[in-house]
Amino acid sequence: MTPQDKLNQLADGLAESGFAVIDDFLLPAEVNAILQLDEFQTGLLHFKKAGIGHRQEKQVNEGIRGDYIQWIDRTQAAPALQVYLEKLQQVIGFVNQTLYLSLKDYELHLTQYPTGTFYKRHLDQFKKDDHRKLSAICYLNTNWKPEEGGQLKLYLPHQQLEIFPIAGRLVCFRSDLIEHEVLPASRPRLSLTGWLLDQVADLRHL
Ligand code: OGA
Ligand code: MN
């Protein structure tokens with residue numbers, strides 16, 4: 001599949017079912033370059049525990065989510081990450097054209113789920129802030145085996161779908177519509193987690 005085929009597949013999936021799974025969105029060499037970053041080479045040193053709730057209401061609750069995150073400041077992003085940022089920008093341009101969305105920007109963090117952690121069923125839009133239109137997660141786990149778990153489970157109208165977090169795979173879905181959860185895994189689970197916004201990101205996380 002060419003890069004253009006992948007964008008078409010993404011737009012078709014979003015239009016028809018509100019989600020899309022694109023394999024090799026990042027190529028193996030691109031994934032490896034990201035895994036070489038200090039952030040991923042030093043365990044959890046650069047990461048902080050993710051919270052739930054919005055802004056001032058944010059709190060840590062390990063019974064709901066157990067991941068660790070580091071927000072990306074795109075003005076400082078390493079070249080390995082710029083590759084991904086450019087691809088997200090292409091996604092925004094293409095889905096704006098084809099699906100008549102008015103996406104303007106994105107926000108993005110590096111994510112690590114330590115062994116055994118999870119994120120219970122939830123929706124990505126905040127009640128008081130609906131600027132997150134599409135969720136976009138790209139996985140960085142080489143040689144992931146089904147028995148290691150860690151599926152992203154999507155709660156669709158007529159079925160539940162479990163998607164393994166394999167390296168290079170992008171999952172993109174409607175943030176306002178699709179409830180989902182992250183199942184526990186028997187090894188650390190790494191990803192780039194982002195949202196495409198209908199306003200310019202306010203960098204509130206940085
Ligand atoms: C999230 C989330 C899914 C995944 O961070 O909100 O649902 O597969 N992540 O990592
Ligand atoms: Mn989510």
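The paragraphs below set out a description of the structure included in this document. Remember, it's a predicted structure, so these values are computed and weren't measured experimentally. (Residues numbered from 1 in each chain as written. Chains lettered and ligands numbered in written order. Predicted model: local features only at pLDDT ≥ 70, side-chain atom pairs only at ≥ 80, totals over all residues. Heavy atoms only, no water.)

### Points about the overall build of the chain
Across its full length, the chain carries 4 helices and 11 strands. For a compact globule of 206 residues, the expected C-alpha radius of gyration is about 17 Å, and the chain comes in at 16 Å, within 12% of that figure. With 206 residues in all, the chain has 49% of them scored as buried. Taking contacts inside the chain between residues at least 6 apart in sequence as the whole, the part at least 24 apart equals 77%. Only carbon and sulfur atoms are counted for the fraction: they give 52% of the accessible area of the chain, which is about 10200 Å². Distance from the positive charge centre (22 side chains) to the negative charge centre (26 side chains) of the chain: 5 Å. (Helix = DSSP H or I, 4+ residues; strand = E, 2+ residues; numbered from the N terminus. Rg over C-alpha atoms; globule rule 2.2 N^0.38 Å. Buried < 20%, exposed > 50% of the residue type's maximum accessible area, 1.4 Å probe, protein only. Contact = heavy atoms within 4.5 Å. Areas by Shrake-Rupley, 256 points an atom, 1.4 Å probe, with all protein chains shown as cover. Lys, Arg positive; Asp, Glu negative; His and termini not counted. Charge placed at Lys NZ, Arg CZ, Asp CG, Glu CD.)

### Thoughts on the coordination of the manganese ion (ligand 2)
Distances from the manganese ion (ligand 2) to its protein donors, His 122 (NE2), Asp 124 (OD) and His 180 (NE2), fall at 2.0 to 2.2 Å. Here the donor residues of the manganese ion (ligand 2) are spaced in sequence according to H-x1-D-x55-H. Of this pair, Asp 124 sits in the loop between strand S5 (119–122) and strand S6 (132–139) while His 180 sits in strand S10 (residues 179–182), and the two are 56 residues apart along the sequence. Using a relative accessible area of 3% as the deciding quantity, one classes His 180 as buried. (Donors = N, O, S within 2.8 Å, 3.2 Å for Na, K, Ca; no water.)

### What to know about the side chain of Thr 193
Inspection of the secondary structure puts Thr 193 in strand S11 (residues 189–197). Of the residues examined, Thr 193 reaches a relative accessible area of 10% and is grouped as buried. At 2.7 Å, the side chain of Thr 193 forms a polar contact with the side chain of Thr 111. When residues no more than four places from it in sequence are discounted, the contact partners of Thr 193 are Glu 107, Leu 108, His 109, Thr 111, Ala 136 and Ile 137. (Polar contact = N/O pair within 3.5 Å; in protein donor to acceptor, adjacent residues only side chain to side chain.)

Read these as layout, nothing more, since geometry by itself doesn't imply function.
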